[in-house]
Amino acid sequence: MMDILNKLAQSRFRSRFHLSEKDYLYIQQKGIQTIAQHASDFISQRLAPENIPNDGKQTPMRGHPVFIAQHATATCCRKCLQKWHKIPQNKPLSEQQQIYIVHVIMSWIEKEFNKLSK
C-alpha cells in the first residue's frame, strides 16, 4: 500500500492535492468511519460499473475529502485506475477491487489528516 502512495507522491500532478482545513473539520465532525462509508458509496456508484458514460469527469475536484483523495491517489476514473493500479477498464469492479480502492483512499486521507492534526 505504501509503495503506491509513495509513487503517487512523486507525481507532480497527484502530489498537489491536500486536505483543506474545511476537509479536516468535516472529517473530524463526521468521523473516519463515516468518511470510509462515503468512499465506499462513491466507488460503488461512480467507478464500479462496467461502462461509465462520463468517465474522466465523474469525480469533482472539490466538495468532499474523498474527492480530493481520489485525485491524489489516481482512483478518480477508470483510466487512472488502469494506469496507476493496473485495474482494467470496461469491466465491472469486483468487490475485492472496490475494497482495495477504498483502502488506498482512506490510507491517503488518514495520512493527510494526521499531518493536519499536529
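Our structure is the block above this text.
Just so it is clear, the model here is predicted, and its values are computed rather than measured.

Basis of the calculations
Residues numbered from 1 in each chain as written. Predicted model: local features only at pLDDT ≥ 70, side-chain atom pairs only at ≥ 80, totals over all residues. Heavy atoms only, no water. Core = buried A, V, L, I, M, F, W, Y, C linked by side-chain atoms within 4.5 Å. Buried < 20%, exposed > 50% of the residue type's maximum accessible area, 1.4 Å probe, protein only. Helix = DSSP H or I, 4+ residues; strand = E, 2+ residues; numbered from the N terminus. Contact = heavy atoms within 4.5 Å.

> When you look at the nonpolar core in this model, what are you seeing that I'm missing?
Side chains of nonpolar character tend, in soluble globular proteins, to be buried together. Leu-93, Ile-105, Met-106, Trp-108 and Ile-109 are the most contacted members of the largest nonpolar core, which totals 34 residues. Elements that contribute at least two residues to this core include exactly helix H1 (2-9), helix H2 (21-30), helix H3 (32-46), helix H4 (65-72), helix H5 (78-85) and helix H6 (95-117). The biggest single contributor to this core is H6, with eight residues. Each residue touching Trp-108, except ones within four places of it in the same chain, is listed here: Leu-5, Phe-17, His-18, Leu-19, Ile-68, Ala-69, Ala-72 and Thr-73.

> In this structure, what is going on with the environment of Asn-54? I would like to understand it.
The residue Asn-54 is located in the loop between H3 and H4 in this model. A residue is classified by how much of its surface remains accessible, and Asn-54, at 37% relative accessible area, is partly exposed. C-alpha separation for the pair Asn-54 and Cys-77, spaced 23 residues apart in sequence, amounts to 9.3 Å.

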